[in-house]
Amino acid sequence: LIFIGGNLGNTAYGQRKKRNKTEEATPKKGGNKEKIDFLFIGASTEYVKGEVDAALNMYKEILKLDSKHHASMYNIGKLALEKGDYQTAEKYAKMALDENPENFWYYEQLADVYESQRKLKDAVSVLEQQVERFPEEENAWFDLGQLYIEQEDFPSAVRAYDELEQLIGLNQEVGFRK
């Protein structure tokens, strides 16, 4: 059972001890892995509760303990994007992707950051890398085709949708877009 949030009990004088969010998510036993796991769960819980700043602080605390913790990089980028902080979102999305280029969602996030800034050529470049690494991912081909259309690169969009049809077969939606 993992306890995150609230107070853990009374002090010797019957008073509740005030604790900050990071303290609440810190395990009693030593070890960075345990602490990172507790912080990560705590940060995710804070995010679900709508406490975005507390979650951000906890993810950043994880990076102090493990500078290569790509899941925290990804989540910091995700939260920054939600807040409209595109510079931070781009920085952390790139860091996560550089640290773990085998994660499909890290490409997706970086492309979203670029698309949010209307940097469509950069977004296309990321999605092209994504479909090269994950050629069986239908959504990647669909998203790539959409971005080609936004750039009015219709021949490339048709090629992307042709690849998608190779994966899923003839499809009315894909045919309509071509």
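Just above, that's the structure.
**Student:** Looking at this structure, I do not really get the environment of Leu110. What am I missing?
**Tutor:** Inspection of the secondary structure puts Leu110 in helix H6 (residues 104-116). For the pair Leu110 and Met95, spaced 15 residues apart in sequence, the C-alpha separation works out to 9.8 Å. In this view, Leu110 contacts Glu90, Ala93, Lys94, Leu97 and Val126; residues no more than four positions away in its chain are not counted.

**Student:** Even after reading the chapter, I still don't get the nonpolar core, so can you show me in this structure?
**Tutor:** What tends to happen in soluble globular proteins is that the nonpolar side chains get buried as a cluster. Counting residues in each nonpolar core, the largest one holds 42 residues, and the members touching the most others are Tyr59 and Leu144. The set of elements that each furnish at least two residues to this core consists of helix H2 (32-48), helix H3 (52-65), helix H4 (70-83), helix H5 (86-99), H6, helix H7 (120-133), helix H8 (138-150) and helix H9 (154-168). The greatest single-element share of this core, amounting to seven residues, is contributed by H6. In this view, Tyr59 contacts Phe40, Ala43, Ser44, Ser72, Asn75, Ile76 and Leu79; residues no more than four positions away in its chain are not counted.

**Student:** I would appreciate a short explanation of the packing of aromatic side chains in the present structure.
**Tutor:** How two aromatic rings sit relative to each other is given by the distance of their centres and the angle of their planes. Under the defined criterion, the tally for this structure stands at six aromatic pairs. Relative to Phe134, the ring of Phe104 has its centre 5.6 Å away and its plane inclined at 80°; by these criteria the two rings are edge-to-face. You can see Phe104 sitting in helix H6 and its partner Phe134 sitting in the loop between H7 and H8, a full 30 residues away along the chain. Each member of the pair, Phe104 as well as Phe134, is classed as buried. By way of ring pairs, the aromatic residues Phe104, Trp105, Tyr107 and Phe134 are connected into one cluster.

**Student:** How should I be thinking about the pattern of salt bridges in this particular structure?
**Tutor:** Side-chain pairing between opposite charges can occur once the charged atoms of the two side chains come close. If you walk through the whole model with that rule in mind, you get eight salt bridges. In this structure, Glu46 engages Lys49 in a salt bridge whose closest nitrogen and oxygen atoms are separated by 3.2 Å. For Glu46, a relative accessible area of 1% corresponds to the buried category. Judged by relative accessible area, Lys49 falls into the partly exposed class, the value being 45%.

**Student:** Please explain unusual backbone geometry as it appears in this structure.
**Tutor:** Apart from glycine, the bulk of residues carry a negative phi angle, and the bulk of peptide bonds sit in the trans form. Despite not being glycine, Arg118 shows a phi value in the positive range, around 65°. Mapped onto the secondary structure, Arg118 falls in the loop between H6 and H7. Relative accessible area serves as the criterion here: at 52%, Arg118 is assigned to the exposed category. Backbone geometry places Glu152, a non-glycine residue, at a positive phi of 60°. Tracing the sequence through the fold places Glu152 in the loop between H8 and H9. Overall, Glu152 belongs to the exposed group, its relative accessible area being 61%.

What counts and how
- Numbers given for residues are sequential positions, taken from 1 along each chain in its written order.
- Restriction of local features to residues with pLDDT of at least 70 applies here, the model being predicted, together with a cutoff of 80 or more for giving and counting side-chain atom pairs; totals for whole chains, interfaces and linings are based on all residues.
- The side-chain numbers reported here are obtained from all heavy atoms of the structure, hydrogens and water having been left aside.
- Helix and strand assignments follow DSSP, with helices taken as H or I runs no shorter than four residues and strands as E runs no shorter than two, numbered in order from the N terminus.
- Residue contacts follow a heavy-atom distance rule, with two residues in contact if any of their heavy atoms lie within 4.5 Å.
- Think of a nonpolar core as a cluster: buried Ala, Val, Leu, Ile, Met, Phe, Trp, Tyr and Cys residues, connected wherever their side-chain atoms sit within 4.5 Å.
- Each residue is assigned to one of three classes by its accessible area relative to the maximum for its type, calculated with a 1.4 Å probe on protein chains only: buried under 20%, partly exposed between the two thresholds, exposed over 50%.
- Pairing of aromatic rings covers Phe, Tyr and Trp, the last through its six-membered ring, and needs centres within 6.5 Å; plane angles under 30 degrees mean stacked, over 60 mean edge-to-face, and all others mean tilted.
- A side-chain nitrogen of Lys or Arg and a carboxyl oxygen of Asp or Glu constitute a salt bridge if their distance falls within 4 Å.

Note that every value here comes from positions in space, so none of it alone points to a role or purpose.
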